[in-house]
Amino acid sequence: MKPDLLLLEPMMPQIETALDNAYTVHRFTDMAALLPVAASIRGIATGGGTGVPPDIMAALPELGIIAINGIGTDAVDLDAARRRNIRVTTTPGVLTADVADMALGLLLMACRGLGTGDRFVRAGLWGKAPIALGHTATGLRLGILGLGQVGRAIAARARAFDMPIAYHDIREFPDTGYRFYADLTELARDNDVLVVAASGGPQSRNIVNAQVLQALGPDGILINVARGSVVDEDALVAALQAGTLGGAGLDVFQHEPSVPDALKTMDNVVLQPHRASATVETRLAMGDLVVRNLAAWFAGESLLTPVV
Ligand code: 8YV
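Residues numbered from 1 in each chain as written. Predicted model: local features only at pLDDT ≥ 70, side-chain atom pairs only at ≥ 80, totals over all residues. Heavy atoms only, no water.

A. Just unusual backbone geometry, in detail. Here the amide bond leading from Glu-256 into Pro-257 is cis, since omega sits at 5 degrees, within 30 degrees of zero. Among the structural elements, Pro-257 can be located in the loop between strand E11 (247-250) and helix H11 (261-264). Phi at Asn-85 is positive, roughly 60 degrees, even though this residue is not glycine. Within the fold, Asn-85 resides in the loop between helix H4 (78-83) and strand E5 (87-89). The exposure class assigned to Asn-85 is exposed, which follows from its relative accessible area of 62%. (Helix = DSSP H or I, 4+ residues; strand = E, 2+ residues; numbered from the N terminus. Buried < 20%, exposed > 50% of the residue type's maximum accessible area, 1.4 Å probe, protein only.)

Okay, structure coming up:
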């Protein structure tokens, strides 16, 4: 008999096939469909943004493992998991390069107006209308919020663009040689770009607030490849509308998949649908870790990449 697994978010076909081979996979549709099988479910596979909604976690008495296909744990109640002896795994390392690449891509797009240029050509406006000049990206002063694996990979890439690097985190990392700011507003004030690479959760909720955005200034650019919850989205929209912030490149939002309409009309804003880790190569590597963590738990072996 195959164990029962709840899949909360689609994964790559190869990964879903591997899961189907090993488990009876229940693909979540709604609570009414889940409840009749709830008592048999022992594992969950989910995404970092989706996590595990509290009502689903509470409905599964035999749940023993949550395998997150991502690095964010902010959408899973880790305290409840600890209390109930539920193990939690993530997929660190394998997505670092792609997420860092996305940050640089958004930054280059925002500075150089690449989205605007693309829309301009497609609209047949080339030769018929003027198009605004972009801004130089090389040499911009880069402030990073959160100097974990992703933050460091962003810094390494930015060095190739001659960008001086500074950062804010809950502690200093003297080994990196990058300039540490204990105060986020000061980091924003002293830099041209602020890249959010910090974990989501109560500790970072809305810490990029109106004051930080104002400090970044009318020529400043905000990039977010982490979590929408880290940025006060109302304040962000207001700052862009008022011109007190220069531009933004956003892969994540407060209420995904909903994106404030005001942002969609702004040419100085670049938008992506939460896909910094969404490459064939990385999603295969992430999915492989999910499959191997689940297999290890069901075999009673050590987990590869546990967080709880
Ligand atoms: C993924 C993420 O888009 O790593 C995370 O926490 O949010 C992203 O890498 C997501 O996990 C896939 O749903």
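On we go from here.
B. Quick look at the site of the ligand. Around the ligand lies a shell of 14 residues, among which Glu-9, Gly-48, Asn-69, Ile-71 and Gly-72 are the nearest. With respect to the ligand, the backbone of Ile-71 contributes an N or O atom lying 2.7 Å from an oxygen atom. At 2.7 Å, a backbone N or O of Gly-72 approaches an oxygen atom of the ligand. About the coverage of the ligand: the protein hides 92% of its 330 Å² of free accessible area. When its residues are assigned to classes, the shell around the ligand shows three nonpolar, eight polar and three charged. (Near = heavy atom within 4 Å. Polar contact = N/O pair within 3.5 Å; in protein donor to acceptor, adjacent residues only side chain to side chain. Areas by Shrake-Rupley, 256 points an atom, 1.4 Å probe, with all protein chains shown as cover. Nonpolar A, V, L, I, M, F, W, Y, C, P; charged D, E, K, R; others polar.)

C. Representation of the sheet that holds strand E8 (residues 179-180) in the model. Taken in spatial order, the seven strands of this open sheet run E8-E7-E6-E9-E10-E11-E12, and their pairing is parallel. The sheet is open, and its two edges are formed by E8 and strand E12 (269-271), each paired on a single side. Bridge count between strand E10 (residues 221-224) and E11: four bridges; the pairing is parallel. The residue of E11 that forms the bridge with Leu-222 is Ala-248. (Pairing = 2+ DSSP bridges.)

D. Spotlight on the UniProt feature "domain: D-isomer specific 2-hydroxyacid dehydrogenase NAD-binding" (unreviewed entry) in the protein. Feature annotation in UniProt places "domain: D-isomer specific 2-hydroxyacid dehydrogenase NAD-binding" (unreviewed entry) on residues 104-276, given in this structure's numbering. Annotated as 32% helix and 14% strand, the span residues 104-276 places its first and last C-alpha atoms 11 Å apart. (UniProt positions renumbered as here; feature names shortened; annotations may be inferred.)

E. Main features of the pattern of salt bridges. Counting across every chain of the model gives twelve salt bridges. Of the charged contacts, one joins Asp-20 and Arg-27 as a salt bridge, the two residues approaching to 2.9 Å between their closest N and O atoms. Classification of Asp-20 by relative accessible area gives partly exposed; the value is 29%. Classification of Arg-27 by relative accessible area gives partly exposed; the value is 40%. Between Asp-267 and Arg-119 there is a salt bridge whose closest N-O contact spans 2.8 Å. (Salt bridge = Lys/Arg side-chain N within 4 Å of Asp/Glu carboxyl O.)

F. Layout of the sheet that holds E5. A sheet is described by the order of its strands in space; here five strands give the open sequence E2-E1-E3-E4-E5, paired in parallel fashion. Each edge of the sheet is formed by a strand with only one pairing partner; in this case those strands are strand E2 (24-27) and E5. With direction set aside, neighbouring strand axes in the sheet form an average angle of 20 degrees. Strand direction decides the pairing type here: strand E4 (residues 65-69) and E5, joined by three bridges, are parallel. Among the inter-strand pairings, Ala-67 is bridged to a residue of E5, identified as Thr-89. Packing of helix H12 (residues 280-298) onto the sheet brings it into contact with strand E1 (4-7), strand E3 (41-47), E4 and E5, and relative to E4 it is tilted by some 170 degrees. (Axes fitted to C-alpha atoms, helices over the stretch in contact; angles between N-to-C directions. Contact = heavy atoms within 4.5 Å.)

G. How the structure looks around the domain arrangement of the protein. Domain annotation for the protein reports domain 1 (4-94 + 280-298) and domain 2 (96-271). Its C-alpha centre places domain 1 at a distance of 31 Å from the equivalent point of domain 2. In this complex, domain 1 contributes nine residues to the contact, which on the side of domain 2 involves seven residues. Across the interface of domain 1 and domain 2, roughly 510 Å² is buried in total on both sides, 40% from carbon and sulfur atoms. Of all residues in domain 1, Asp-74, Gly-93 and Thr-282 give up the largest surface area on contact with domain 2, accounting jointly for 64% of the area buried on that side. Among the ionic pairs, Arg-227 bridges to Asp-74, the shortest N-O distance being 3.0 Å. (Domains from an automatic or database assignment. Buried area = accessible area lost by both parts, 1.4 Å probe.)

H. Structural view of helix H1 (residues 13-22). All buried positions along H1 are accounted for by Ile-15, Glu-16 and Leu-19. The buried residues of H1 occupy one face: seen down the axis, they fall within an arc of 100 degrees. Exposed side chains of H1 directed beyond 90 degrees from the buried face belong to Pro-13 and Asn-21. Against E1, E2 and H12 lie the buried residues of H1. (Arc of directions from axis to C-beta.)

I. Geometry of the packing of aromatic side chains. Considering all chains together, one arrives at four aromatic pairs under this definition. For the pair Tyr-167 and Phe-173, a centre-to-centre distance of 6.3 Å together with 35 degrees between the ring planes defines the contact as tilted. One exposure class covers both Tyr-167 and Phe-173, and it is buried. Here the aromatic rings of Tyr-167 and Phe-180 are separated by 5.4 Å at their centres, their planes lie at 50 degrees, and the arrangement is tilted. Of this pair, Tyr-167 sits in strand E7 (residues 165-168) while Phe-180 sits in strand E8; the two residues are 13 residues apart in sequence, bridging distant segments of the chain. For Phe-180, a relative accessible area of 23% gives the class partly exposed. Each residue in the set Tyr-23, Trp-297 and Phe-298 is aromatic and connected to the rest through ring pairs, giving one cluster. Seen from the ring of Phe-173, Arg-152 lies directly overhead, with NZ or CZ sitting 4.7 Å from the centre. (Phe/Tyr/Trp six-rings, centres within 6.5 Å; stacked < 30°, edge-to-face > 60°. Lys NZ or Arg CZ within 6 Å of the ring centre and 35° of its normal.)

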